[in-house]
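Residues per chain, in single letters:
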Amino acid sequence: MSSTDSPSRLLVRDLGQAVTPAGAESPLRGADLGRVDVIEDAYVLCEAGRIAEVGRMAELGVEGEVEELDGRGLCALPGLVDCHTHACFAGDRAGEFELRARGASYEELHAAGGGILSTVEATRAAGEDGLRGAVRRHREWMLHAGTTTFEAKSGYGLDCETELTSLRAIRDEGGIPTWLGAHAVPPEFDTADAYLDFALAEVLPDAAHIAEAADVFLERGAFDRDQAKRYLEACREAGLALRLHGDQFSEQGAIPLAVELGARSVDHLEATGDDGVRVLADSDVVGVLLPVAALVLGRPMPPARALVDAGAAVALATDFNPGSAFCESLPLVTSLACTQLGLSPGEALGAVTVNAAHVLGRADRIGRLEPGYDADLVLLDAPDWRHLAYHVSGEVVSAVVRSGRLEWRR
Ligand code: NIG
Ligand code: FE
């Protein structure tokens, strides 16, 4: 992008509302999570890719050359942050979707060599161009739903070449890469331990230079607690931040392990009980809730209300993937948060902005509409910011500004 393509100053004016999670801390917990600052009849001034001012139109005093964007009828929110996706995959699992609709369970399909492993086959065959194209396509879907920052995991290659190609594709197409080297045991290995020996010796040294974090699927039928611990300790040693898929179908000690290892997050938590809620609440680990996966697989929803009330830090994400959550929409996730998880619109907003940015180690730069933050804005076609969650699966996103530039408009 040449500098002439990017106006150095953009004024979004005559907005119905400009809205941001309140405060300056991260992660937001307890009552702080639901607090939002709302400015009516507002403007946002972006300069050199950052937010320069947020204020009331009555006080607007901008001088000099500036490009203007008409915000009449729109609400500005911080660009949404998707901190958990599996956006680097080829093929689809529509056939599996039908089998599940007819009664097969996700775990049965996985045990029979379908599920994740069928996506592994398609992803290995896609090649570098195919994977880059896939990430680009999925990134555009996410952008149109208001996502300006996305994390994406590898985990559908599970061989050296495809894992590294996946991580590079994610990075080069603008995502934040996480090495999900321990997602499933690929068919060429007899045991999880033999596969981990290979992954840690052959893939980790290069993966650690591309990825920011490592992730593991700690679950019956995937990796057990000791295997997850060995994998995560090696990844931490190599400089990666740690994440876990935990308590999706059963409690296997993911929360205590995440706390012990100082992980950034433990994600899913559909099976988390009262003890897990307490342990997570007393820790610095963020619980990332993925209600689309629970909805699609017919699982119980994670105990979001109990977690927030106990003082845990929670984020929300799509889990976008071809199996359990073929859904790129964070607005839909906020709708589910308000209707199924017992969260308020303000809590849901904090969970897809500030707290998601915290999971990605970027809460000082993104997730708030405040001077100094990156000028990433989502403009809602709505008179009230709560339409983000209220307009269920609707065309609520009208335009997206990224780094102070109009990136997309409906
Ligand atoms: O987060 N549970 C493990 N991984 C993904 C699903 C991956 C897939 O089914 O392809 C998840 O739900
Ligand atoms: Fe996931």
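Residues numbered from 1 in each chain as written. Chains lettered and ligands numbered in written order. Predicted model: local features only at pLDDT ≥ 70, side-chain atom pairs only at ≥ 80, totals over all residues. Heavy atoms only, no water.

1. Let's talk about the state of the cysteines
- This model, assessed by the stated rule, comprises 0 disulfides.
- Here C327 is not disulfide-linked; the sulfur of C83 is the nearest cysteine sulfur, at 14 Å.
- Look at C327 and you get buried, because its relative accessible area is 10%.
- Note on C338: no disulfide assigned, nearest cysteine sulfur contributed by C327 at a separation of 15 Å.
- Exposure remark for C338: the relative accessible area of 25% places this residue in the partly exposed category. (Disulfide = S-S within 2.5 Å. Buried < 20%, exposed > 50% of the residue type's maximum accessible area, 1.4 Å probe, protein only.)

2. Describing the side chain of S154
- Structurally, S154 can be placed in the loop between β7 (147–153) and α5 (160–172).
- Using a relative accessible area of 1% as the deciding quantity, one classes S154 as buried.
- For S154, the side chain forms a polar contact with the main-chain nitrogen of L180, separated by 3.1 Å.
- The residues touching S154, leaving out its near neighbours within four places in the chain, are E163, S166, L167, I170, T178, W179, L180 and G181. (Helix = DSSP H or I, 4+ residues; strand = E, 2+ residues; numbered from the N terminus. Polar contact = N/O pair within 3.5 Å; in protein donor to acceptor, adjacent residues only side chain to side chain. Contact = heavy atoms within 4.5 Å.)

3. Here's the deal with the nonpolar core
- Formed by 99 residues in total, the largest nonpolar core has its most connected members in W179, Y231, L244, V266, L316 and L380.
- Considering every element that reaches this core, the biggest residue donor is helix α6 (residues 192–210), with 10 residues. (Core = buried A, V, L, I, M, F, W, Y, C linked by side-chain atoms within 4.5 Å.)

4. As for the environment of A271
- Locating A271 in the fold gives a position in the loop between β11 (265–268) and α9 (274–281).
- Given the relative accessible area of 23%, A271 is considered partly exposed.
- Counting along the chain gives 21 residues from A271 to S250, while the straight-line C-alpha distance between them is 5.5 Å.
- If we skip the residues at most four places from it in the chain, A271 touches D247, Q248, F249, S250 and E251.

5. Focus: unusual backbone geometry
- With an omega dihedral of -5°, the bond running from S26 to P27 counts as a cis peptide bond.
- The residue D14 is not glycine, and still its phi comes out positive at about 60°.
- If you trace the backbone, D14 turns up in strand β1 (residues 9–21).
- Residue classification places D14 among the partly exposed positions, given a relative accessible area of 30%.
- The phi dihedral of S403 falls on the positive side, at around 50°, and the residue is not glycine.
- Examined against the element boundaries, S403 turns out to sit in the loop between β15 (397–402) and β16 (405–409).

6. Considering the environment of L341
- Relative to the helices and strands, L341 resides in the loop between α12 (330–340) and α13 (345–351).
- The spatial distance from the C-alpha of L341 to the C-alpha of R305 is 6.5 Å, given a sequence separation of 36 residues.
- Not counting residues up to four positions away in its chain, the partners in contact with L341 are L289, P291, M301, P302, A304, R305, L316 and L336.

7. A closer look at the pattern of salt bridges
- Here the structure, examined in full by the defined rule, presents 37 salt bridges.
- Salt-bridge contacts for E173 lead to R139; the nearest nitrogen and oxygen are separated by 3.4 Å. Here R139 lies in helix α4 (residues 116–144) and E173 lies in the loop between α5 and β8 (176–182), a separation of 34 residues in the sequence. (Salt bridge = Lys/Arg side-chain N within 4 Å of Asp/Glu carboxyl O.)

8. What about the sheet that holds β8?
- Strand order in the open sheet formed by 8 strands is β6-β7-β8-β9-β10-β11-β12-β13, with parallel pairing between adjacent strands. Here the strands that pair on one side only, and so sit at the sheet edges, are β6 (80–82) and β13 (314–316). On average, each strand axis in the sheet is inclined to that of its neighbour by 25°, with strand direction left out of account.
- Pairing analysis gives 2 bridges linking strand β9 (residues 213–216) to strand β10 (residues 241–246), with the strands arranged parallel. Looking across to β10, one finds that A214 is bridged to L242.
- Sitting on the sheet, α5 is in contact with β7 and β8, with an inclination near 160° to β8.
- Where helix α8 (residues 254–261) meets the sheet, it contacts β10 and β11, and its direction lies at approximately 175° from that of β10. (Pairing = 2+ DSSP bridges. Axes fitted to C-alpha atoms, helices over the stretch in contact; angles between N-to-C directions.)

9. Section: the site of ligand 1
- Around ligand 1, 15 residues are found, and the nearest of them are R93, Y106, Y156, Q248 and S324.
- Between ligand 1 and H268 there is a distance of 2.9 Å, counted from an oxygen atom to a side-chain nitrogen or oxygen.
- With the chains in place, 100% of the 330 Å² that ligand 1 exposes on its own is no longer accessible.
- Here the residues of the shell around ligand 1 sort into 4 nonpolar, 9 polar and 2 charged. (Near = heavy atom within 4 Å. Areas by Shrake-Rupley, 256 points an atom, 1.4 Å probe, with all protein chains shown as cover. Nonpolar A, V, L, I, M, F, W, Y, C, P; charged D, E, K, R; others polar.)

10. Some words on the coordination of the iron ion (ligand 2)
- The protein atoms that coordinate the iron ion (ligand 2) are H84 (NE2), H86 (NE2), H245 (NE2) and D319 (OD), at distances spanning 2.1 to 2.2 Å.
- Within one chain, the residues serving as donors to the iron ion (ligand 2) are arranged as H-x1-H-x158-H-x73-D. Of the two residues, H245 is situated in strand β10 and D319 in the loop between β13 and α12; the sequence distance between them amounts to 74 residues.
- H245 sits in the buried class, given a relative accessible area of 3%. (Donors = N, O, S within 2.8 Å, 3.2 Å for Na, K, Ca; no water.)

11. Describing the pairing of strand β3 (residues 50–56)
- Sheet topology note: the strand β2 (residues 36–47)/β3 ladder contains 6 bridges and is antiparallel. Note on β3: the bridge partner recorded for L45 is E53.
- Remark: 2 residues form the turn of the hairpin made by β2 and β3, two consecutive strands paired antiparallel; A48 in that turn has positive phi of roughly 50°.

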